[in-house]
Amino acid sequence: MKHDKFWMVWNPNGHSPTRKHWSREAANREATRLAKKNPRQNFFVLKTVGGFATEETPVIPIRMTDAKDNIPF
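Residues numbered from 1 in each chain as written. Predicted model: local features only at pLDDT ≥ 70, side-chain atom pairs only at ≥ 80, totals over all residues. Heavy atoms only, no water.

## Quick notes on the overall build of the protein chain
- Scanning the protein chain from terminus to terminus reveals 1 helix and 2 strands.
- When the backbone C-alpha atoms are referred to their principal axes, the protein chain occupies close to 70 × 35 × 15 Å.
- For the protein chain, the residues scored as buried account for 15% of the 73 residues in total.
- Of all intrachain contacts in the protein chain linking residues separated by at least 6 positions in sequence, the fraction that spans at least 24 positions is 46%.
- Taken as a whole, the protein chain presents about 7300 Å² of accessible surface, with 54% of it coming from carbon and sulfur.
- Side-chain charges of the protein chain comprise 13 positive and 7 negative groups, with the mean position of each set lying 18 Å from the other. (Helix = DSSP H or I, 4+ residues; strand = E, 2+ residues; numbered from the N terminus. Buried < 20%, exposed > 50% of the residue type's maximum accessible area, 1.4 Å probe, protein only. Contact = heavy atoms within 4.5 Å. Areas by Shrake-Rupley, 256 points an atom, 1.4 Å probe, with all protein chains shown as cover. Lys, Arg positive; Asp, Glu negative; His and termini not counted. Charge placed at Lys NZ, Arg CZ, Asp CG, Glu CD.)

This is the structure we're talking about:
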C-alpha cells in the first residue's frame, strides 16, 4: 500500500509531533513559528522515508486439560 510522504516538526525537549505537514515548506513555516514562540528550543523538520505495519494478530485458542492430580497445593 502506498502513502503520501509527509513532514513533521519535532522538539527534542519532549513535545511529540502532533500533525502531518504535506509539504516541506509548510513544516518549515511551523518549525519557524514554534521556534519564535519558544526561544532557545530546537525544532527539527523530519521527512518520512518509510514505515511498517502488520496484519491483525490472530487469536489462538488454548485447550485445557483436567489436572485433578497435578495441583501443587
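That was the structure; now back to the text.
## Examining unusual backbone geometry
- Phi is positive for Arg40, close to 65 degrees, though the residue is something other than glycine.
- Position of Arg40 relative to the elements: it lies in the loop between helix 1 (24-37) and strand 2 (44-47).

## Here we look at the pairing of strand 1 (residues 7-10)
- Of the two faces of strand 1, the one holding Trp7 and Val9 is buried and the one holding Met8 and Trp10 is not buried anywhere.
- Here 4 bridges tie strand 1 to strand 2, and the two strands are oriented antiparallel to one another. By the bridge assignment, Trp7 is partnered in strand 2 with Lys47. (Pairing = 2+ DSSP bridges.)

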